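Topology and contacts: notes
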Amino acid sequence: MSAYGHPPRATAWRPGEAGARAGLGAQDSGGSGALAAAARQLGMSEQDIFDLALARSAWRSMVAVRLGAGNARLSWSKTPLPVLLNVTELAHASAFAGVDRGRILLDDSEPTALERADGNWGPAARRLGATGGGAGATVTSLAAEFDRHLAPSIRQPRTRADYWRAWRLVVTWGVARKALGSVLPMSLETLKALTWDLVCFAAPTSQVELVWKAVQARHRQFHLPPPMCEGNQFSSWAKMLGAIRGRPVALKLPIQKATVRWLLAWRPTALAAHRARLLTAVATLGCLRVNEVARLQVCDLWFDYLMAYGVPGFEGTCSVHINRRKNDTQRKGHYPAFGRSRDPELDVVAQLRHWMVFAGLEVHPDCAKRARPAAACELCPPLFPLSRCVKGGVTVATRQPCSRQKASDWIRWAVKQAGGDSSRFSGISARKGGISTAIEARVDETILYLQSGHGAALPARAYMQIASPARFLETFEAFGL
Ligand SMILES: [Zn+2]
C-alpha cells in the first residue's frame, strides 16, 4: 500500500502544522516505489511525503468528525489538501446548521439549458418561458428565472466548473477549521489562514490561485465585498507565491512546420489515422485551440469564401468559420484561412474535401449556417467525428462530435507518428505551432490576429477591416507548403 492510502490513525498532528511527526523514518519505507517516485517528483524527502500523507489522513478524520453527518458516505478528492467531493449531498450535516446553504452550496457548473442550445437560443428560451413566464409571473419569479437561466453565463461553463471544484475545497476547509460561518463573506484574515493551510499541504501554486479566484467570484456573484479588494492584490499575492516556490514553465512544444508537411504528405488508409493527421494539420495551420477544432462542423468550412472580395486568384482557398473563441464569448465569429499550396500533394483544402467524401460527411442541403453563423448547426455532422467499428472490422465515422480530450489525444498521436516525443506535446501544441511559425516568419502581429484571434479586446481590433484578401493568408503562407 502506498503512503497515500494509509488508514486514518491518531497522530500528534495539530491544526496549523504541516505534517505529523509520527516517528517513522524514511528507512522504514525506504525504496518503496510509489513513495520514492512521489518524492522525486515533488523534490521532497520520502520522510516529508510520508508526513504529508499522515497529515492528509488526519485531515480527513477531522473533517468527518466536525461535519457531523452520521454514517453518510464521504467521497474524497486525491488533491494535496483532501476535498469533499459530495458536499451538496451532505447539506443536512450539523456543520451546515446556521449557515446560508443556498449560497455556500450552490453548484452552477452544469451548462444551462440556454448554453446547451449552443446558439439556437430562440426555441430554448420559448420552452423555458412557457414554464417560467406566463400570466401569473411576478417580478420576483421572473428575476429568479433570470438568475437560474441567464446569470450563470456571465462565466463560461468550464470556468464555473473550475471554480466549483476550488470552492468545494473552501467549504471542506471551513468544516475542518470550524469556520463555515466566515467563508461567505470572507475576510482577508480568513483568506490568509486558508492560504497558509494550502501552502503547508503543498498544494500547487495553480490550485492556490484557483481557490483565490473562486472565492472572489462567489463574492461578486452575490454582490458581497470580496476579501481581496485592492486593485492589484491578486497579482501581488501571486508574485509572493512565485517568489517563494518558483513558477514552472510550460513545457509543451509547438508543432513544427516540418511536422505539418509530413502529416499532409502522409497517406494512411485507416480512417482514424486519416482523421488524426488532418485534425492536427488543420488545428496548427488555423492556430486553433483543441475545443475549437473539436467543435468544427462540416458547414464551418467555407470554401472559396475569400472570392467574395472579387479579386481573382483565390479559387481553392478555404476559410474556417469559428463561431466562438475564448476571447469571443459573444460569438462575433472568426475566420482563419487556408490558401492553395504550391505542392499539390500538400494541399490541405483539397485534402479536406477528400476527407469529407472519404468519411461520408456532407453539408445538409437545408443547412442554415451561413444565415445564422452564431448557432451550432443541427443538421450537419462534425468535421472530425468519433468513429466506430462495424461488421467486418471496418471503421466508419459516426455523427458524434469528439471531446477536447479526444482531439488532444489525436494531436499527440499524430505528432508521434511524425517522429515527435508524444510526452512533450499536447492539444495546445497545435495553436502554439501556428502562432510560433507565423512569428518566426515575421508575419505582422495584427495580421496574425486574423488567424489566431488572440487579444481580441485590443482597442483597434473592432474597427479592423482588411482591404486585401491576400493578407488573410499570410499566416498560412508562413508554413511554406
Ligand atoms: Zn450545417
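Residues numbered from 1 in each chain as written. Predicted model: local features only at pLDDT ≥ 70, side-chain atom pairs only at ≥ 80, totals over all residues.

1. A look at the overall build of the chain
Regarding its fold elements, the chain presents 19 helices and 5 strands. Each of the 481 residues in the chain was classed as buried or not, and the buried ones make up 31%. Look at the contacts in the chain between residues 6 or more apart in sequence, and 64% of them connect residues 24 or more apart. (Helix = DSSP H or I, 4+ residues; strand = E, 2+ residues; numbered from the N terminus. Buried ≥ 20, exposed ≤ 12 C-beta atoms within 10 Å, placed from the backbone. Contact = placed C-beta atoms within 7 Å.)

2. Points about the pairing of strand E5 (residues 394–401)
As a general feature of sheets, a regular strand has side chains that alternate between the two faces. Inspection of the sheet shows strand E4 (residues 385–390) paired to E5 by 5 bridges, in the antiparallel sense. Across the sheet, residue Val 390 finds its bridge partner in E5, namely Val 394. Taken together, E4 and the strand that follows it, E5, pair antiparallel across an intervening segment of 3 residues, in which Gly 392 is found at a positive phi of about 85°. (Pairing = 2+ DSSP bridges.)

3. Re helix H16 (residues 404–417)
The end-to-end C-alpha distance of H16, which contains 14 residues, comes to 20 Å, matching closely the 20 Å that a straight helix rising 1.5 Å per residue would cover. Buried within H16 are the following residues: Ala 407, Ser 408, Trp 410, Ile 411, Arg 412, Ala 414 and Val 415. Against helix H12 (257–265), helix H13 (271–285), helix H14 (290–295) and helix H17 (428–440) lie the buried residues of H16. Remark: Gly 419 follows H16 within two positions and exhibits a positive phi of approximately 100°. (Expected span 1.5 Å × (residues − 1).)

4. Structural notes on the packing of helix H8 (residues 157–176) against helix H10 (residues 205–221)
Running from N to C, H8 and H10 point in directions that differ by 95°, and their axes come no closer than 8 Å. The orientation of H8 with respect to H10, classified from their angle, is roughly perpendicular. Facing Asp 162, Tyr 163, Ala 166, Trp 167, Leu 169 and Val 170 of H8, the residues of H10 in contact are Leu 210, Val 211, Lys 213, Ala 214, Val 215, Ala 217 and Arg 218. Along the lines of polarity and charge, the residues of the contact of H8 with H10 split into 10 nonpolar, no polar and 3 charged. (Axes fitted to C-alpha atoms, helices over the stretch in contact; angles between N-to-C directions. Parallel < 35°, antiparallel > 145°, perpendicular 65-115°, else oblique. Nonpolar A, V, L, I, M, F, W, Y, C, P; charged D, E, K, R; others polar.)

5. A look at the sheet that holds strand E3 (residues 337–338)
Spatially, E1-E2-E3 is the arrangement adopted by the 3 strands of the open sheet, whose pairing is antiparallel. The strands lining the two open edges of the sheet, one partner per strand, are strand E1 (301–303) and E3.

6. Some points on H17
The end-to-end C-alpha distance of H17, which contains 13 residues, comes to 18 Å, matching closely the 18 Å that a straight helix rising 1.5 Å per residue would cover. Buried within H17 we find Ser 429, Ala 430, Arg 431, Gly 433, Gly 434, Thr 437 and Ala 438. Its buried side turned inward, H17 meets H12, H13, H16, helix H18 (445–452) and helix H19 (474–477). Looking one or two residues past H17, Arg 442 carries a phi angle of roughly 55°, positive in sign.

7. Some words on the nonpolar core
Among the nonpolar cores identified, the biggest contains 54 residues, and Leu 279, Ala 281, Val 282, Leu 285, Val 293, Ala 407 and Ile 411 are the most heavily contacted of them. For this core, the element with the highest residue contribution is H13, accounting for 7 residues. The contacts of Ala 407, once residues within four sequence positions are left out, are Leu 279, Val 290, Val 293, Ala 294, Cys 402 and Gly 427. Within the second largest apolar cluster, 40 residues are counted, among which are Ala 58, Leu 169, Ala 176 and Leu 194. (Core = buried A, V, L, I, M, F, W, Y, C linked by C-beta atoms within 7 Å.)

8. Structural notes on the packing of H17 against H18
For any two helices packed against each other, one specifies the crossing angle of their axes together with the interaxial distance. It is the contact of H17 with H18, at a shortest axis distance of 11 Å, that shows an interaxial angle of 155°. Between H17 and H18, the angle falls in the class roughly antiparallel. Crossing hand, H17 versus H18: right-handed. For the pair H17 and H18, the contacting residues are Gly 434, Ile 435 and Ala 438 in the first and Leu 448, Gln 451 and Ser 452 in the second. Grouping the amino acids of the contact of H17 with H18 by side-chain chemistry returns 3 nonpolar, 3 polar and no charged. (Left-handed = near helix turned anticlockwise from the far one by under 90°.)

9. A short note on the environment of Gly 246
Structurally, the position occupied by Gly 246 is in the loop between helix H11 (233–245) and H12. Sequence-wise, Gly 246 and Thr 205 are 41 residues apart; in three dimensions their C-alpha atoms are separated by 9.1 Å.

10. What to know about the environment of Trp 76
Locating Trp 76 in the fold gives a position in the loop between helix H3 (46–67) and helix H4 (101–104). Trp 76 sits 16 residues away from Arg 60 along the chain, and the two C-alpha atoms are 8.2 Å apart. For Trp 76, the residues in contact, after removing those within four places along its chain, are Arg 60, Pro 82, Val 83, Leu 84 and Leu 85.

11. Concerning unusual backbone geometry
Each neighbour pair has its own omega, and for Leu 184 with Pro 185 the value is -5°, a cis peptide bond. The phi torsion at Asp 118 lies on the positive side, around 50°, for a residue other than glycine. Within the fold, Asp 118 resides in the loop between helix H5 (113–116) and helix H6 (121–132). Classification of Asp 118 as partly exposed rests on a count of 18 C-beta atoms within 10 Å. The phi angle at Cys 287 is positive, at roughly 55°, despite the residue not being glycine. Structurally, Cys 287 can be placed in the loop between H13 and H14.

12. A few points about the environment of Pro 157
Tracing the backbone through its elements, the reader meets Pro 157 in helix H8. For Pro 157, a count of 16 C-beta atoms within 10 Å translates into the label partly exposed. Each C-alpha atom of the pair Pro 157 and Glu 115 lies 8.4 Å from the other, and the pair is 42 residues apart in sequence.

So far we have only geometry, and geometry alone does not tell us how the molecule works.
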